[in-house]
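Secondary and tertiary structure notes
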Amino acid sequence: MIHLLGQRWLSEQIALTLARLHPLGHECRVSHETIYHCTYAMPVGELRKELIASLRHAHNKRLPRSKGKDRRGQIPNMLSIHVRPPEIEDRQFPGHWEEDLIKGEGNASAVGTLVERTSRLVMLVKLPEFKPASAANVLQAFTDKLLGIAQPMRLSMTKTQGREMSMHKKLSEQPGIAVYFCDPHSPWQRGSNENMNGLVRRYLPKGAGLSIYSQEQLDAIADEINNRPRKGLGGGTIATGGLPRTARERPAALHSHSLKSRVLHFTFEFVILNLA
């Protein structure tokens, strides 16, 4: 074991090698955690110093692990999705959004995605070329986009616990939108956005650089997506408020349609026409 550490093998690699050389239950068969513990338990001296220097993270002391927790740091003052008002969950009224970032090649570029939960309206947000996913850049880009929407249509936003949203309090203050965070590793909690990202990827494929797209080009992609018929809207599009176009052109049919379809119609009027 000492020889392999001197060859700068990882403790996991040493443990795997010992497992192949010795049968189950043999005293020489140890886990990578045991190797770490034994190394740090050695008496102070040159050998201990040399072995610790050979470890992947050559700390003088063994740092405690936080089992089951993300050790990259927590976002301060988060509002959990579990305290989100029930009217957001029910999708009865518009103005509640889901947000995410899709990354380009080598995570060197990114585009923001916003999906309105009731209408499934999608908007794409261009991010700067330099450090696109930094908290400051994400804050500025989404603030600018949200301020282009009428205030009644920007009530809340649900997103993942990415560090790019560490400045979410300022987003709540300026555009005046409540920000709720999903549980870790739970993309289904913002399912509309997750599904929409798959559709957006047909235009912005994985492995491609995304910084080449202007905001005008991203808007054109969003318009094309928003004008597609949606199964969840009864075969209508977002632009027709979830109604077939012929029904939208007849006021009597619009008034006799469900409340949800009328809400979708007003969502289009509030959002699309304010962005125009």
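Here the focus is the overall build of the protein. Helices and strands together make up the secondary structure of the protein, namely twelve helices and five strands. At a minimum sequence separation of 6, the contacts of the protein that also span at least 24 residues come to 57%. Carbon together with sulfur atoms contributes 55% to the accessible area of the protein, which is approximately 15,600 Å² in total.

Our next topic: the confidence of the model for the protein. Detailed conclusions should not be drawn from predicted coordinates in areas where pLDDT is low. Looking at the protein, pLDDT values average 77 and 66% of them are 70 or higher. Confidence drops under a pLDDT of 50 for residues 243-265, and excluding neighbours within four residues, the segment shows 34 contacts in the predicted structure.

Opposite charge on two side chains allows them to pair when their charged atoms are near. Here the structure, examined in full by the defined rule, presents seven salt bridges. When the shortest N-O distance is used, the salt bridge between Glu194 and Arg190 registers 3.0 Å. Taking relative accessible area as the criterion, Glu194 reaches 36% and is therefore assigned partly exposed. Salt bridges sharing partners connect three or more residues here, namely Glu99, Lys159 and Glu164.

All right, on to the sheet that holds strand 2 (residues 110-116) then. Pairing in this open sheet of five strands is mixed, and the strands run 3-2-1-4-5 from one edge to the other. Among the strands making up the open sheet, the edge pair consists of strand 3 (122-126) and strand 5 (178-181). Averaged over all neighbouring strand pairs, the angle between strand axes comes to 25 degrees, with direction disregarded. Sheet strands in contact with helix 6 (residues 135-147) are strand 1 (96-103), strand 2 and strand 3, and its direction is about 135 degrees off that of strand 3. Packed on one face of the sheet, helix 9 (residues 215-226) meets strand 2 and strand 3 and runs near 165 degrees to strand 3.

Reading the values: rules and limits
- Residues numbered from 1 in each chain as written.
- Predicted model: local features only at pLDDT ≥ 70, side-chain atom pairs only at ≥ 80, totals over all residues.
- Heavy atoms only, no water.
- Helix = DSSP H or I, 4+ residues; strand = E, 2+ residues; numbered from the N terminus.
- Contact = heavy atoms within 4.5 Å.
- Areas by Shrake-Rupley, 256 points an atom, 1.4 Å probe, with all protein chains shown as cover.
- pLDDT = per-residue confidence, 0-100.
- Salt bridge = Lys/Arg side-chain N within 4 Å of Asp/Glu carboxyl O.
- Buried < 20%, exposed > 50% of the residue type's maximum accessible area, 1.4 Å probe, protein only.
- Pairing = 2+ DSSP bridges.
- Axes fitted to C-alpha atoms, helices over the stretch in contact; angles between N-to-C directions.

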